[in-house]
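# Summary of the model geometry
Each chain, letter by letter, is given below.
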Amino acid sequence: MSAVVTEHDDHHDHGPEKGILRWLFTTNHKDIGTLYLVFALAMFFVGGTMAMIIRAELFQPGMQLVEPQFFNSMTTMHALVMVFGAVMPAFVGFANWMIPMMIGAPDMALPRMNNMSFWLLVAGVLILASTLFMEGGAPASGWTLYPPLVLQTGNALPFAVFSVHLLGISSIMGAINIIATIFNMRAPGMTLMKMPLFVWTWLITAFLLIAVMPVFAGAVTMLLTDGFFDTSFFDAAGGGDPVLYQHIFWFFGHPEVYIMILPTFGVASTIIPVFARKPLFGYSAMVVATVAIAFLSFIVWSHHMFTVGMPKAGELYFMYATMLIAIPTGVKIFNWTATMWKGAMTFETPMLFSIAFVVLFTLGGFTGLMMALSPLDYQYHDTYFIVAHFHYTLVPASIFMIQAGAYYWLPKWTGHMYDERLGRLHFWLSAISVNILFFPQHFLGLAGMPRRIPDYAVQFADWNMISSIGAFIYGGSQLLFLYIVIKTIKQGTGEKVSDEVWEDAKKHGLEWTLPSPVPYHTFTTPPKIIPTEHI
Amino acid sequence: MIKARQVLTSIALMAFGLRSAYADYTLNLGKGVTQQSGEIYDLHMWVLWVCVFIGIAVFGAMFYSIYHHRKSKGHEAAQFHGSTKVEIIWSIIPFVILVVMAVPATKLVLELDDVQDSEMTIKVTGWQWKWQYEYIDEEPSFFSNLDAASNEARQVGSGIDPRTIPNYLLEVDKPLVVPIDTKIRFLFTAGDVIHSWWVPDLGWKKDAIPGFINEAWTIIDKPGVYRGQCTELCGQDHAFMPVVLVALEKDEYDDWLDNYPENGAASYPEGTWESKAVCAGSECTKDELMTIGETVYSNNCASCHMPGGEGLEGTFPAMTVSPIVTGEIEKQIDLMLKGKEMMPAFNQSITDVEFAAVVTYTRNALGNSVGDMVQPSEIVALKSK
C-alpha cells in the first residue's frame, strides 16, 4: 500500500507530454483551456474577416465586391462562427483554466470528456466552415436559419445541421463537466456563497447550456426532416407552422445570448474589485441578479418576434417580462459602479477594458429596453438599430471582457508580463473604433435601413461609410492584440512576474496564491480557505 | 476621385462634427404620417430621454469615481462591500420607471391591434422578390417590382453610380395607391418564404408569412409618396423588393380607381410595358414576346442567372446553352411553373403574357437560338393541366 503511494508521489510532478500528442490527448484542464482559447482566437479572426467583407461591400451604395447570395452567406457565417466558434469557446477556455484554480481543485471533474468536448467543437466548426466550399454555397438564411428560406439552402443544409448537433454535444459535455466540477471539487471551506463570481456565472451558464442546446438541436433536426424526409413541421401547406420554428429557435436563442453575456459579467466582477482595491460590492445581490437574469431568459423569447402577428395578450406579456430584465441587469451595473466608488483605482489594460464594458454594455442595455416596448419594436425590428444593439452587447461586452481576461490572466499562466503600453494602445484603438463602427448603426436603423442587405438607398451612404471605416480600424487593431498575446507567451516584457501579479490580488482569489507561471498540476492537495467573508 | 472625396468628408465629419452641405446624416426616427406613427415617435423620444437621464446619473457617478478615487491621487480604498438597503432601493426605482413606461406602451399595443371599422382592405402577398397587392372588393390587383433603373444599377459591377438613380432601391414599377383619411386594413401573407412589409412613415412593419394571414391598419394623414423595404431576410434579393405607397386625396384616389387599369400607376404617367397591354387576349408576335421577355428576364431572372445568362458557377445554372432552356419547351415551362430548390415557382407571380414572353426570350437570346416560341394561351392550358 505505502509503496504504491510513494511511487505515485514520484510521478506527481510530471509535466506535459512532448509534441503534438500533448495537445491531441491532453486531459489537463490548463492544456484544454489553452486549446479552447487558441481556437477561439483563430475563429475570431475568421469571423472577423467575414465582417470585414460585409463592411467592405457596405462601404458605399451599389454592389461592388460580392454577389448578394454570398453576402448573405457572410452575414450568416459571421454570426455562427463568432457565436459558436469564438465567444462561447473563449469562455469555456477561461472556465477550464480558472474554475479549478479558483475553487482549489486539481483539475476538472471529467478530464477525458473535457478533451472530447474540445475536439468535437473543432469538428463541428470545421464542418460548418466546409459549407463555404459546397455547391449552392454556405447557409445564407441568417444564423437564425428560419424556414422556409433555410430550406432553399443547397448541399450545405445537412452539414450545417450536423455541425449544430456536434456543437451542441460539445457544449453540453462542457457544461456537465463544469457543473460536476463546481459541485464536487471545491476545496473544503469553499462554500457556494464564497465562490468567486466568475465561477457562479459559469455555473448558471452551464445550466442554461444544458437546458437549451437540445432545443436547438431538435429545431434543426426538424428542418432536416422537412428538407429531406417529407415532414411538414414548418410547412403550412402540409399542416405545419413556420412560426413554430421561430418560437423553438428563440426559446434556445434568448438563453443563448445570456450564455455569452453571463461569463462576461463574471470576468468583469473578477477584474473590477482587484483594480479598485475593494471587495466586490453586493456579492449576494450579484449572485441573485445572475440567477434572476437566467430565469427571465427562459420566459421572454417572443420579444424577438413582435412582428410575426401575436395575440395582444401574448405581446403584452412578452413586453412586460422583457422589461423586467432591466432590473437585475441594472443591479449589476450599479454594483460594479459601487465597487469602483471610493476605491483606489489604477487603470491597467484589464481595468480599462472593464470600465469600457460597463459603459458600453449599458448603452446596449438601454437600446434593449427601448426594443422591449413592442410598439417601438414595430419600428426598430430587423433594422440596423437591432444590429447596433446586439453588437454593443457582444463586442464591447463579451469580446472586450474576453480580451480583458486574457490581459488579466496571461501573466499568471505564462509567468510573463504583457507590454502595458501596447495593451493600452490596443484598448484605446478598440474602444474608439468600436464606437465609430457601431454607434452610427443606431442612426441608420432609425432612419429606416433594414438589416441583412448588401446594398442600400443612397441616403444611408454616409453613416455606412463611417461605420465601415470604424470596422476596418477595429479589425486592424485586433492584429495588435494577436501580436501582444504572442509576445507575452514568448517572453513578455522580460521581467519576472510575482505570484500575485496584481497588487494584493491574493485577497481576491486562490489562483493568485499559486506560483507564476502556474505549474502543470496545481492544488493536488486542497488549499486552506481563509474563513473571511466571500472572496 | 469621388470615393476618395467621400472618405475624406467622412473623416472630416468625424473629426470636426461638421455637417456637410449635401449629405444626409439622418439621426432619428421620423414622425411619420399617421396618428400612430406620431404616438410611436413620442414614446420613442420619451424612453430615449429617460435612458439618457439614467445614463448621465450612472456614468456621472462612475466618472466622478474614476477621476477622484484613483490611487495616483493617493485615494485610500474604503472597504465597504454591500448594503441590502441600497440594493432594494436600486431595484425599486427602476421598477417604478418601467411601470411608467409600460402604461403608454400598453395603450399603443391595444390601439394598433384594433382593425375594426376599416373602410377598405388590401391584401399584400410577399414573393421572392416582389410585392403583390390585391384590393379586396375592388378591381386593382398587381405586382410591384423594383424599378428598372435601380435594377440595372444594382447588378454587381454595373458601373452605374447609384447616386445618379432617383430613389435608388426605393422605387418600384407600380406603387401601391391608397386614399388618405381612410382606415385601411392590410392583410399580409406570402407565397414562398417569410417577408416583412415596412413603411417607416406608417409606424410599423408586419411579417408576411406563408400559410398565415396577418392584419394591420393605418389612416394616413397627408398625401405623399412613402417608401419602405422588405425587412425579413427572404433570400438573395431581399434588399431589392421595396415598398412604395402613394397616398392620394380621396377624390384623386377614386379617380385612379375608376380608370384602373388603363392608368395602372397614377404617379407613373409613362406607364410600364405591362400596362401598355401588349397583345392582350390575342396571339403575340415573336418580336413582341422578345421585347417583353427582356424586361421580365431582367426583373425576375437576371439576379441569379445573370444579365447575360452566364449564371453563377456552383450556385445558379447558366441560361446560355442550358439543356433545359434549349431542350423541350414543355419541360422548361413545367420547371418554371413549379420552381426548384432556390428557384421560386412563377405560376402566380408573373402574368401569362410575361410567362410566355420570358420563355420565348430565354430560348432565343442570351446566346441561345432554339427558334421556337410559346403563346400566352398555351401557358394557360399548361397551367390547368
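Being a predicted model, the structure only gives us computed values, none of them experimental.

It is worth spelling out the nonpolar core at this point. Residue and element names in this part refer to chain A. Within the largest apolar cluster, 198 residues are counted, with the highest numbers of intra-cluster contacts made by Phe-84, Trp-202, Trp-336 and Trp-502. Per-element tally for this core: the top contributor is helix H4 (residues 68-103), with 23 residues. Dropping the residues within four chain positions of it, Phe-84 is found in contact with Pro-89, Leu-121, Val-125, Trp-143, Leu-167, Met-213, Phe-216, Phe-252 and Glu-256.

We now examine a nonpolar patch on the surface. A contiguous nonpolar surface patch, about 780 Å² in accessible area, is contributed by Leu-324 of chain A together with Trp-46, Ile-88, Ile-92, Phe-95, Val-96, Val-99, Val-100 and Val-103 of chain B. If one sorts the elements of the nonpolar patch by residue count, helix H3 (residues 84-112) of chain B sits on top with seven residues. Note on placement: Leu-324 of chain A falls in helix H10 (residues 312-324). Residue class for Leu-324 of chain A comes out partly exposed when judged on its relative accessible area of 33%.

All names here are of chain B. Read from one edge to the other, the open sheet built from five strands follows the order S3-S2-S1-S5-S8, with strand pairing classed as mixed. Two strands lie at the open edges of the sheet, namely strand S3 (141-144) and strand S8 (214-218), each paired on one side alone. In this sheet, neighbouring strand axes are inclined to one another by 25 degrees on average, regardless of whether the strands run parallel or antiparallel. Alignment of strand S2 (residues 130-135) against S3, held across four bridges, turns out to be antiparallel. The residue bridging Tyr-133 from the neighbouring strand is Phe-142, located in S3.

Attention shifts here to the sheet that holds strand S9 (residues 224-230) of chain B. Two orientations exist for strands paired in a sheet by backbone hydrogen bonds: parallel and antiparallel. All names here are of chain B. Sheet architecture is open: five strands sit in the order S4-S10-S9-S6-S7, paired in mixed fashion. What marks the edges here is a single partner per strand, and that holds for strand S4 (176-179) and strand S7 (204-208). This sheet shows a mean twist of 25 degrees between the axes of neighbouring strands, independent of strand direction. Note that strand S6 (residues 195-199) and S9 share two bridges and pair antiparallel. Its bridge partner being in S9, Trp-197 is matched across the sheet by Cys-230. Helix-sheet contacts for helix H5 (residues 250-259) involve S4 and strand S10 (243-248), and the interaxial angle to S4 is about 135 degrees.

Bringing the confidence of the model for chain B into the picture now. Residues and elements named next belong to chain B. Averaged over every residue, the pLDDT of chain B is 84; the share at 70 or more is 88%. Ranking the elements of chain B by mean pLDDT puts helix H1 (residues 2-16) last, at 52, and S6 first, at 96. Long-range and interchain partners of residues 12-23, a stretch whose pLDDT sits below 50, account for 14 contacts in this model, where long-range means more than four residues apart. Within the model, the stretch residues 263-277 combines pLDDT values under 50 with 26 contacts to residues more than four positions away or in other chains. Both confidence scores are given for the complex: pTM 0.86, ipTM 0.90.

As a further point, take the environment of Val-291 of chain A. Mapped onto the elements of the fold, Val-291 of chain A is located in helix H9 (residues 283-297). The sequence separation of Val-291 of chain A and Ile-204 of chain A amounts to 87 residues, and the corresponding C-alpha distance is 6.9 Å.

Chain A puts 107 residues into the contact, and the matching count from chain B is 103 residues. Both sides together, the interface formed by chain A and chain B hides about 9100 Å², and carbon and sulfur atoms give 69% of it. On the surface where chain A and chain B come into contact, there are two salt bridges. Where chain A packs against chain B, one counts 25 residue pairs in polar contact (both at pLDDT 80 or more). Broken down by element, the residue count for the side of chain A that touches chain B peaks at nine residues, all from helix H11 (residues 326-340) of chain A. Of the residues contributing to the side of chain A that touches chain B, the split by class is 64 nonpolar, 27 polar and 16 charged.

Another aspect to go through is H4 of chain A. Residues and elements named next belong to chain A. Helix length check: H4 (36 residues) gives 50 Å between terminal C-alpha atoms against 52 Å at 1.5 Å per residue, within 8%. In terms of burial, H4 is largely enclosed, as 35 of its 36 residues are buried. Gly-104 sits one or two residues past H4 and shows a positive phi near 75 degrees.

Take a negative patch on the surface next. Taken together, Asp-137, Glu-138, Glu-139, Asp-181, Asp-221, Glu-249, Asp-251, Glu-252, Asp-254, Asp-255 and Asp-258 of chain B make up a surface patch of like negative charges. Following the sequence through the fold, Glu-138 of chain B ends up in the loop between S2 and S3.

Let's shift gears to the pairing of strand S1 (residues 120-127) of chain B. The side chains of a regular strand alternate between both faces of the sheet. Residue and element names in this part refer to chain B. Counted residue by residue, S1 has seven buried out of eight residues, so it is predominantly covered. Across seven bridges, S1 lies against strand S5 (residues 184-190) in parallel orientation. Each bridged residue has a counterpart across the sheet, and for Lys-123 the counterpart in S5 is Leu-187. The pairing of S1 with S2 spans six bridges and is classified as antiparallel. Opposite Thr-125, over in S2, you have Gln-132 as the bridge partner. Connecting S1 to the next strand, S2, in antiparallel fashion are two residues.

Let us now look at the packing of helix H14 (residues 384-414) of chain A against helix H15 (residues 420-447) of chain A. All names here are of chain A. Taken N-terminus to C-terminus, the directions of H14 and H15 make an angle of 170 degrees; their axes are 7 Å apart at the nearest point. With respect to each other, H14 and H15 are oriented roughly antiparallel. The element H14 and its partner H15 pack so that their crossing is left-handed. Of the residues belonging to the contact of H14 with H15, the class tally is 15 nonpolar, ten polar and no charged.

A few words now on the side chain of Asp-207 of chain B. Tracing the chain through its elements places Asp-207 of chain B in strand S7. Nearest to the buried, unbridged Asp-207 of chain B among oppositely charged side chains is Lys-205 of chain B, at 8.0 Å. A polar contact of 2.9 Å, which involves the side chain of Asp-207 of chain B, links it to the side chain of Thr-307 of chain A. At 2.9 Å, the side chain of Asp-207 of chain B and the side chain of Ser-196 of chain B are in polar contact.

Cut-offs applied
Within each chain, residues carry numbers counting from 1 in the order of the written sequence. Labels are handed out in written order, letters beginning with A for the chains and numbers beginning with 1 for the ligands. Two thresholds apply to this predicted model, a pLDDT of at least 70 for residue-level local features and 80 or more for giving and counting side-chain atom pairs, whereas whole-chain, interface and lining totals are computed over all residues. Side-chain metrics in this entry use all non-hydrogen atoms of the structure; hydrogen atoms and water are not considered. Think of a nonpolar core as a cluster: buried Ala, Val, Leu, Ile, Met, Phe, Trp, Tyr and Cys residues, connected wherever their side-chain atoms sit within 4.5 Å. Classification of residues uses two cut-offs on accessible area relative to the type maximum, computed with a 1.4 Å probe and protein chains only: under 20% is buried, over 50% is exposed, and between them is partly exposed. Strands are runs of DSSP state E lasting at least two residues, helices are runs of H or I lasting at least four, and both sets are numbered from the N terminus onward. The contact rule is simple, with two residues in contact once any of their heavy atoms fall within 4.5 Å. Each patch is assembled from residues with relative accessible area greater than 30% and no salt bridge, linking like charges that lie within 9 Å and nonpolar side chains (Val, Leu, Ile, Met, Phe, Trp, Tyr) that lie within 5 Å. Here the open area of atoms and residues is found with the Shrake-Rupley method and a 1.4 Å probe, where only the protein chains shown may cover a residue. Salt bridges are identified by distance alone: a Lys or Arg side-chain nitrogen within 4 Å of an Asp or Glu carboxyl oxygen. At least two bridges found by DSSP between two strands is the condition for calling them paired. For helices, the fitted axis covers only the stretch in contact; all axes are lines through C-alpha atoms, and the angles between them, taken along N-to-C directions, range from 0 to 180 degrees. Here pLDDT means the predictor's own confidence in every residue, given as a number from 0 to 100. Once two parts are joined, some of their accessible surface, as seen by a 1.4 Å probe, is lost; buried area is that loss totalled over both. Nitrogen and oxygen atoms within 3.5 Å of one another constitute a polar contact, given that in protein one can donate a hydrogen and the other can accept it, and given that sequence-neighbouring residues count only through two side-chain atoms. Residues are grouped as follows: Ala, Val, Leu, Ile, Met, Phe, Trp, Tyr, Cys and Pro are nonpolar; Asp, Glu, Lys and Arg are charged; all remaining types, including Gly, are polar. To estimate how far a helix should extend, the number of its residues minus one is multiplied by 1.5 Å. Residues scored as charged are limited to Lys and Arg (positive) and Asp and Glu (negative), so that His and the chain ends carry no count. For charged residues, the charge sits on one atom: NZ in Lys, CZ in Arg, CG in Asp, CD in Glu. With respect to orientation, any angle under 35 degrees is reported as roughly parallel, any angle over 145 as roughly antiparallel, any angle of 65 to 115 as roughly perpendicular, and every other angle as oblique. The sense of a crossing depends on the near helix, which, turned anticlockwise from the far helix by less than a right angle, makes the crossing left-handed and, turned clockwise, makes it right-handed.

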